[in-house]
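# A closer look at the structure
The lines below spell out each chain.
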Amino acid sequence: MKVHDFGEKNNPIILLLPGTCCHWKDNFKSVIPLLARDFRVLCVSYDGFEEGEQTEFPTMIEETNKIEAYISENCGGSIRAAYGCSLGGSFVGLMAARQNVHMDYGILGSSDLDQASAFAAKLQTNMLLPIMYPLIRDGRFKSSFLQKKLEKRVAQMGRYGEAFMEMFGGARPYVTERSCKNQFYSDLITPLPKRIHVPGTEIHVFYALKMGGKYRVRYEQHFEHPVIHEHDLRHEELLVCYPQQWTELVRQIAMGEKAHEIL
């Protein structure tokens, strides 16, 4: 695991956690320079997803241990805020629940918080990975039929489709299938406690309404008093299509200001 560091060392710290099988830079490249004006930005690159490292993603708990150890050793055990994109929101939830480090504000970005039994998770992983892994390794599906379907779908979604694929990242031949499998499977089977409440920590959720109503239920199940920011958008559309507005909302939250409508 590697942590990429931006901004002035004495500024409040915000930790960025990428989504499933995403590359850290592609995930946050549009917002890191904007955040770095006011914050020291630490962007995590998970084991198995950092070029130049001979590592593989282990489990969610092992990776959480490493993230917490970094915060303890390099940030005095406390940060101003953490933003988790999609799967990254699971890390935010785990850190809040474990209370090994402190964050004033934890922000989940369109996180689905899917959980499953070991059997169901293994079944889902074994069905999905043979299809998805070539897209991660080569930047395209192995099946020409699937690749054409993807290109058509991306074109139909317009700006969001193109921006989402850019966030996901291009060809990454250094990422192993086992890293992808471990990350996907481990996220499904790692339990996130219910009704998480930590004095001194506010949990915020960027809720993309077009994902569906079941996700609000999950946010309210897992967190005692989540501050839910509703946007009539798709999964992480605020981040990938409206970086200025996303940054302003994150800034308002992390500075303890009243958040205003941004779209």
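In what follows, the structure referred to is the one given above.
Residues numbered from 1 in each chain as written. Predicted model: local features only at pLDDT ≥ 70, side-chain atom pairs only at ≥ 80, totals over all residues. Heavy atoms only, no water.

## What to know about the environment of K142
The topology assignment puts K142 in the loop between α5 (118–138) and α6 (144–157). For the pair K142 and P130, spaced twelve residues apart in sequence, the C-alpha to C-alpha distance is 9.4 Å. (Helix = DSSP H or I, 4+ residues; strand = E, 2+ residues; numbered from the N terminus.)

## Remarks on the environment of F164
Along the chain, F164 turns up in helix α7 (residues 159–168). Separated by 138 residues in the primary sequence, F164 and D26 place their C-alpha atoms 9.7 Å from one another. Filtering out sequence-adjacent residues up to four positions away, F164 remains in contact with H235 and V240. (Contact = heavy atoms within 4.5 Å.)

## Focus on the nonpolar core
Membership of the largest hydrophobic core comes to 47 residues, with the highest contact counts inside it found for L15, L17, Y46, I67 and M95. Counting residues per element, this core draws most heavily on helix α4 (residues 88–98), at five residues. Counting 29 residues, the second-largest nonpolar core is a separate cluster that includes F39, Y83, I107 and M167. (Core = buried A, V, L, I, M, F, W, Y, C linked by side-chain atoms within 4.5 Å. Buried < 20%, exposed > 50% of the residue type's maximum accessible area, 1.4 Å probe, protein only.)

## What to know about α7
Buried within α7 are the following residues: Y160, G161, A163, M167 and F168. Where the residues of α7 are buried, they touch α1 (24–28), β4 (78–85), α5, α6 and α10 (237–241). G169 lies just past α7 and shows a positive phi near 110°.

## Comments concerning the packing of helix α3 (residues 60–74) against α4
Between α3 and α4, the least distance of the axes is 10 Å, while the angle of their chain directions is 70°. In terms of orientation, α3 and α4 fall into the roughly perpendicular class. Note that α3 runs across α4; the crossing there is right-handed. Residue-level contacts link M60, I61, E63, T64, N65, I67, E68 and I71 of α3 to S90, F91, L94, M95 and R98 of α4. Considering only residue class, the contact of α3 with α4 consists of seven nonpolar, three polar and three charged. (Axes fitted to C-alpha atoms, helices over the stretch in contact; angles between N-to-C directions. Parallel < 35°, antiparallel > 145°, perpendicular 65-115°, else oblique. Left-handed = near helix turned anticlockwise from the far one by under 90°. Nonpolar A, V, L, I, M, F, W, Y, C, P; charged D, E, K, R; others polar.)

## Describing the side chain of H235
The topology assignment puts H235 in the loop between β7 (227–231) and α10. One polar contact links H235 to S86, side chain to side chain, over a distance of 3.3 Å. Beyond its immediate stretch of four places on either side in the chain, H235 contacts S86, S110, Y160, F164, A208 and M211. (Polar contact = N/O pair within 3.5 Å; in protein donor to acceptor, adjacent residues only side chain to side chain.)

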